[in-house]
Amino acid sequence: MIASSKVVALGALIFLLVSYGSCTRIVSFNASRITADPYWVPARATWYGAPTGAGPDDNGGACGFKNVNLPPFLAMTSCGNQPIFKDGKGCGSCYQIRCLNHPACSGNPETVMITDMNYYPVAKYHFDLSGTAFGALAQPGRNNELRHAGIIDIQFKRVPCIYSGKTVTFHIEHGSNPNYLAVLVEFEDGDGDVVQVDIMEANSGYWMPMREGAPPGPLSCIRRWSWGSIWRMDSKRRLQGPFSLRITNESGQTLVAYQVIPANWAPNTYYRSNIQYEAFGSAGGGQDFGSAGGGQDFGYTGGLVISSAAGLSTEILGIIGMICLATYHLHGIEVP
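Residues numbered from 1 in each chain as written. Predicted model: local features only at pLDDT ≥ 70, side-chain atom pairs only at ≥ 80, totals over all residues. Heavy atoms only, no water.

Reading the Subcellular location (unreviewed entry) entry of the UniProt record for the protein gives the comment "Secreted, Cell wall". (UniProt positions renumbered as here; feature names shortened; annotations may be inferred.)

## Let's talk about empty space enclosed by the protein
Counting across every chain of the model gives one cavity of 30 Å³ or more. There is about 40 Å³ of room inside the largest cavity. Contributing to the lining of the largest cavity are Phe65, Phe73, Gly92, Met113, Tyr163, Glu186, Phe187, Glu188 and Gly192. Its residues assigned to classes, the lining of the largest cavity comprises five nonpolar, two polar and two charged. (1 Å grid on protein atoms, 1.4 Å probe; cavity = no way out; pocket = protein on both sides within 12 Å on 5 of 7 lines; lining within 4 Å. Points joined across faces, edges and corners; volume = space filled by probe spheres on them. Nonpolar A, V, L, I, M, F, W, Y, C, P; charged D, E, K, R; others polar.)

## Regarding the pairing of strand β9 (residues 169–172)
Because side chains alternate across β9, one face comprises the buried residues Thr169 and His171, and the other comprises Phe170 and Ile172, equally buried. Across four bridges, β9 lies against strand β10 (residues 180–186) in antiparallel orientation. When the bridges of β10 are listed, Ile172 appears paired with Val183. Both β9 and strand β17 (residues 269–272) contribute to a ladder of four bridges, which runs antiparallel. The residue of β17 that forms the bridge with Ile172 is Thr269. (Buried < 20%, exposed > 50% of the residue type's maximum accessible area, 1.4 Å probe, protein only. Helix = DSSP H or I, 4+ residues; strand = E, 2+ residues; numbered from the N terminus. Pairing = 2+ DSSP bridges.)

## Notes on the sheet that holds β17
Reading across the sheet, the five strands line up as β13-β14-β10-β9-β17 and stay open at both edges, with antiparallel pairing between neighbours. Of all strands in the sheet, those bounded by a partner on one side alone are β13 (211–212) and β17.

## Details of the state of the cysteines
Evaluated as defined, the whole model comprises three disulfides. Sulfur-sulfur distance for the disulfide between Cys94 and Cys161 comes to 1.9 Å. Since a negative S-S torsion denotes a left-handed disulfide, the Cys94-Cys161 link at about 115° is right-handed. In this pair, Cys94 is assigned in strand β4 (residues 94–98) and Cys161 in strand β8 (residues 161–162), connecting sequence segments 67 residues apart. (Disulfide = S-S within 2.5 Å.)

## Let's talk about the nonpolar core
By size, the foremost hydrophobic cluster in this structure holds 45 residues, and its most contacted members are Phe127, Leu129, Leu146, Ile152 and Ile154. For Leu129, the residues in contact, after removing those within four places along its chain, are Ala45, Thr46, Trp47, Tyr48, Thr77, Ser78, Ile97, Val112, Phe134 and Leu137. Among the nonpolar cores identified, the runner-up in size contains 25 residues, and Ile172, Ile247, Ala257 and Trp265 belong to it. (Core = buried A, V, L, I, M, F, W, Y, C linked by side-chain atoms within 4.5 Å. Contact = heavy atoms within 4.5 Å.)

## A closer look at the pattern of salt bridges
Scanning the model with the defined rule gives ten salt bridges in all. Between Asp153 and Arg44 there is a salt bridge, with its nearest N and O atoms 3.1 Å apart. You can see Asp153 sitting in strand β7 (residues 152–159) and its partner Arg44 sitting in strand β2 (residues 41–48), a full 109 residues away along the chain. In this structure Asp153 comes out as partly exposed when scored by relative accessible area, which is 36%. A salt bridge links Lys86 to Glu250, with the shortest nitrogen-to-oxygen separation between them at 2.7 Å. Taken together, the residues Lys86 in the loop between α2 (82–85) and β4 and Glu250 in the loop between β15 (243–248) and β16 (254–261) connect sequence positions 164 residues apart. (Salt bridge = Lys/Arg side-chain N within 4 Å of Asp/Glu carboxyl O.)

See below:
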């Protein structure tokens with residue numbers, strides 16, 4: 001029997017679902033963590049965008065990455081729901097995925113990168129893949145057959161990202177000015193993600209924390225973009241370059257790119273550093289992201305860090321999942 005507090009929680013969740021018309025807001029996660037590697041974890045997968053595309057129409061996504069249809073991404077990208085997306089801090093992380101239960105599945109692991117947020121989860125762990133990534137899970141010549149399934153059961157595990165020949169790169173975003181600096185961080189080996197960025201102005205001698213995400217405002221909690229890999233500094237005075245940047249990944253490793261952004265910086269410009277993380281498990285093989293041959297079982301020892309449901313029992317999660325699946329059925333989405 002479900003305790004009264006859980007009944008109240010369930011009632012509140014159903015109210016949100018009915019009020020807002022989607023399963024986007026019904027799953028709440030806290031910061032508790034589990035380590036699942038090197039074991040495969042069950043999940044479900046869908047796909048969106050063009051059948052052979054990179055997902056978003058603009059080849060971007062909520063993380064802020066650009067041109068994910070091009071190398072090194074090569075359209076092998078995915079949205080992740082909250083325990084994978086992690087409020088944007090999961091942006092850039094790499095996962096191996098495979099499907100086994102559909103007749104068209106190849107069973108071979110493929111590697112995808114988290115570049116976007118999944119707003120309609122149908123499972124505790126839900127990968128909303130690009131059409132290209134979804135089709136890559138199929139046997140040769142059966143890509144469209146698998147895509148027609150709509151929703152499939154998959155397995156996943158975290159693997160290191162390796163960007164051969166690349167160093168950590170910083171892109172000054174459109175709209176940056178002397179009082180507002182927004183920086184996209186990308187191409188980090190190993191974890192692939194960044195959980196904190198600090199900035200040091202010219203001759204200041206001290207670090208200031210940058211903030212992640214969209215600027216504060218009445219729509220900042222519900223707007224469809226999250227800027228998960230974009231970090232900003234707002235200032236009431238003019239910021240003085242050149243700027244040094246200090247980045248910290250999910251494993252707590254810190255790197256410093258000294259004066260990587262020059263004093264005469266310009267928006268919409270890339271600045272490449274001379275720093276790079278070591279890829280975890282590289283001695284045993286790591287994923288060279290965007291390369292061919294994604295069917296290997298890589299020895300990642302860093303551990304998968306994902307959030308578990310906050311105080312929600314399996315009964316409530318099951319009921320929520322049924323509601324979501326019913327919503328999908330009403331919208332004509334096939335559920336196997």
